[in-house]
Amino acid sequence: MLEQAKRAARAALEAWRRAAGARHVRQNAPHVTRAGLAAGLERLGIAPGDTLFVHSSLKSLGYVEGGAPAVIAALQDAVGPQGALLLPAYYLPGGTVRAACAMPDYVFDPRRHGTHMGRLPEAFLASPGVRRSIHPTHSVCAWGRHAANLTEAHHRAPSTFGMGSPWQRFIGCEHAKVLGLGISMGPVTFYHALEDAMGEAFPVPVWEDETRLLACLDHAGRRWDVPVRPFDPAVARRRIDHPGREDLREYFQREFDAAGLRVNGQVGDAASWCIPAQAFYDHLCQLASEHVTIYASAAQLAARPVSQPSPHARA
Ligand SMILES: CC(C)(COP(=O)(O)OP(=O)(O)OC[C@H]1O[C@@H](n2cnc3c(N)ncnc32)[C@H](O)[C@@H]1OP(=O)(O)O)[C@@H](O)C(=O)NCCC(=O)NCCS
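Residues numbered from 1 in each chain as written. Predicted model: local features only at pLDDT ≥ 70, side-chain atom pairs only at ≥ 80, totals over all residues. Heavy atoms only, no water.

Chemist: Pulling in residues and values, what's your account of the state of the cysteines?
Modeler: Per the counting criterion, the structure on display carries zero disulfides. Cys216 takes part in no disulfide bond, and the closest cysteine sulfur to it belongs to Cys101, at a distance of 11 Å. Here Cys285 stays unpaired: no disulfide links it, and the sulfur of Cys173, its closest cysteine neighbor, is 18 Å away. With relative accessibility at 31%, the residue Cys285 sits in the partly exposed group. (Disulfide = S-S within 2.5 Å. Buried < 20%, exposed > 50% of the residue type's maximum accessible area, 1.4 Å probe, protein only.)

Set out below in structure tokens:
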């Protein structure tokens, strides 16, 4: 009874906090609409038939009339029924894979567990026609033409981001692109696809030694034990998404701009970018062979100057 009351109080407080946040953005940011967002996506080169892996910041877009569902509708307008959308729906109790592994009796249940990846993934999860992969820490959700294929085998994949995972299937889709809406080059899961594909040959030892099995339920309530390998926390602290690694984020931005792979543009009020997935992956392989990874030290970055701008580079 007491637990129930506490839960209700927490939910009320969160609803109040969210309403206050939305009010603040409504009063202080430029207003944007679904049609305006779709036009921005088109200018970024997003076209019908594209499959997008989207990382986002809702607040950075300005005040969106209709909130997160309107952004999702704009993304759907942009890729059309022949395209597909993929968003992170990670549920990370404790904040990291390692913390999830340390939780006694943790069982991921897609019917009960939401996501910690922000307001857009939350709304996407609740949208009609969206499928969710079964994974204890890095579940993804997908809509559109490839949704079933992208999500169906995650719990049977030998590693989170490797063979059989949504990332490896995403790279195989025609017109697959990684889209950053109002975010830097930091919070981009796609980088890990290369790590899992290369395994021990990846130039940085990113994982702890032991692979663990974490329990999940599927949509029918059947239990699966899914392998996960926690990241080594000391290595993760030097990663591109760590607040202290602005140098690495800036390097990657300049590198992908110079290589002519990153298309930059404004979506709503947000500086946004888009990179074709296969070319993104190939360039990450090339950089890794030159000792530049998302864990590179300042000395390693200094030893490899950013590429010369390609004649194909786009502003
Ligand atoms: C962490 C992160 C999500 C924060 O971005 P954010 O814009 O502050 O958060 P959300 O996208 O959840 O949006 C919530 C904000 O939108 C604002 N908001 C509410 N209604 C809104 C509306 N109609 N229009 C615009 N903004 C609105 C809210 O004020 C809220 O901010 P608040 O919580 O400070 O009040 C973002 O920086 C990020 O890293 N995104 C990528 C996440 C990811 O994919 N990670 C995986 C990589 S490994």
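And the narrative resumes.
Chemist: Tell me about unusual backbone geometry, residues and numbers included.
Modeler: Unlike most non-glycine residues, His175 shows phi in positive territory, near 55 degrees. One can find His175 in the loop between α7 (166–171) and β8 (176–181). The backbone phi angle of His291 is positive, close to 65 degrees, even though this residue is not glycine. By the secondary structure assignment, His291 is in the loop between α11 (277–289) and α12 (298–303). (Helix = DSSP H or I, 4+ residues; strand = E, 2+ residues; numbered from the N terminus.)

Chemist: Run through the pattern of salt bridges, naming residues and quoting values.
Modeler: Taken as a whole and judged by the stated rule, the model has 22 salt bridges. The residue Asp218 makes a salt bridge to Arg222 at a minimum N-O spacing of 3.0 Å. (Salt bridge = Lys/Arg side-chain N within 4 Å of Asp/Glu carboxyl O.)

Chemist: Break down the sheet that holds strand β10 (residues 223–228) for me, citing the residues and quoting the values.
Modeler: Across the sheet, three strands lie side by side as β5-β9-β10; this open sheet has mixed pairing. The open sheet is flanked by β5 (107–108) and β10, the only strands paired with a single partner. Pairing of β5 with strand β9 (residues 212–217) involves two bridges; the strand directions are parallel. Across the sheet, Val107 pairs through a bridge with Ala215, a residue of β9. (Pairing = 2+ DSSP bridges.)

Chemist: Could you give me a rundown of the nonpolar core, with the residues and numbers involved?
Modeler: Among soluble globular proteins, nonpolar side chains are generally buried collectively. Counting 61 residues, the largest nonpolar core has Phe170, Phe190, Tyr191, Phe252, Phe256 and Phe280 as the members making the most contacts within it. The dominant element in this core, judged by the number of residues it contributes, is α11, at six residues. Counting 33 residues, the second largest nonpolar core, distinct from the first, contains Ile46, Val54, Leu61 and Phe124. (Core = buried A, V, L, I, M, F, W, Y, C linked by side-chain atoms within 4.5 Å.)

Chemist: Quick rundown of the packing of aromatic side chains? Include the residues and the values.
Modeler: Applying the stated criterion across every chain, the model contains 15 aromatic pairs. The interplanar angle of 90 degrees and the centroid separation of 6.1 Å between the aromatic rings of Phe170 and Phe190 together place this pair among those described as edge-to-face. In this pair, Phe170 sits in helix α7 while Phe190 sits in the loop between β8 and α8 (191–198), placing the two residues 20 residues apart along the sequence. In this structure, Phe170 and Phe190 share a single accessibility class: buried. Measuring from ring centre to ring centre gives 5.0 Å for Phe256 and Phe280, while their planes differ by 70 degrees; the resulting arrangement is edge-to-face. Placement of Phe256 in helix α10 (residues 246–258) and of Phe280 in helix α11 is noted, with a sequence separation of 24 residues between them. By the burial criterion, Phe256 is buried, and Phe280 matches it. Among the aromatic residues, ring-to-ring pairing joins Phe53, Tyr90, Phe161, Trp167, Phe170, Phe190, Tyr191, Tyr251, Phe252, Phe256, Phe280 and Tyr281 into one connected group. (Phe/Tyr/Trp six-rings, centres within 6.5 Å; stacked < 30°, edge-to-face > 60°.)

Chemist: Kindly report on the environment of Leu75, identifying the contributing residues and their values.
Modeler: Along the polypeptide, Leu75 turns up in helix α3 (residues 67–79). Leu75 sits 34 residues away from Leu41 along the chain, and the two C-alpha atoms are 7.6 Å apart. Residues within four places of Leu75 in sequence aside, it is in contact with Leu41, Leu52, Val54, Leu85, Leu179 and Leu181. (Contact = heavy atoms within 4.5 Å.)

Chemist: Mind laying out the site of the ligand, listing which residues take part and the relevant values?
Modeler: Within the structure, the ligand sits among 22 residues, and His55, Ser56, Ser57, Gly62 and Arg119 are positioned closest to it. Within the backbone of Gly21, an N or O atom sits 3.3 Å from an oxygen atom of the ligand. Contact distances for the ligand include 2.7 Å between an oxygen atom and a side-chain N or O atom of Ser57. Out of a free accessible area of 970 Å², the ligand has 76% covered by protein chains. More than half of the atoms of the ligand fall within 2 Å of the grid points belonging to the second largest pocket. Counting residues per element, the ones that place at least two in the shell around the ligand are α1 (2–28), β2 (51–56) and β3 (63–64). (Near = heavy atom within 4 Å. Polar contact = N/O pair within 3.5 Å; in protein donor to acceptor, adjacent residues only side chain to side chain. Areas by Shrake-Rupley, 256 points an atom, 1.4 Å probe, with all protein chains shown as cover. 1 Å grid on protein atoms, 1.4 Å probe; cavity = no way out; pocket = protein on both sides within 12 Å on 5 of 7 lines; lining within 4 Å. Sits in = over half its atoms within 2 Å of the grid points.)

Chemist: So, the sheet that holds strand β12 (residues 270–276): which residues are in play, and what are the values?
Modeler: If you trace the seven strands from one edge of the open sheet to the other, you get β6-β7-β4-β2-β8-β12-β11, paired in mixed fashion. The open sheet has two edge strands with one neighbour each: β6 (131–132) and β11 (263–267). In terms of strand pairing, β6 meets strand β7 (residues 140–144) through two bridges, oriented antiparallel. Of the residues in β7, the one forming a bridge with Arg132 is Cys141. In this fold α3 packs onto β2, β4 (84–88), β7 and β8, with an angle of close to 145 degrees to the strand it touches most, β4. (Axes fitted to C-alpha atoms, helices over the stretch in contact; angles between N-to-C directions.)

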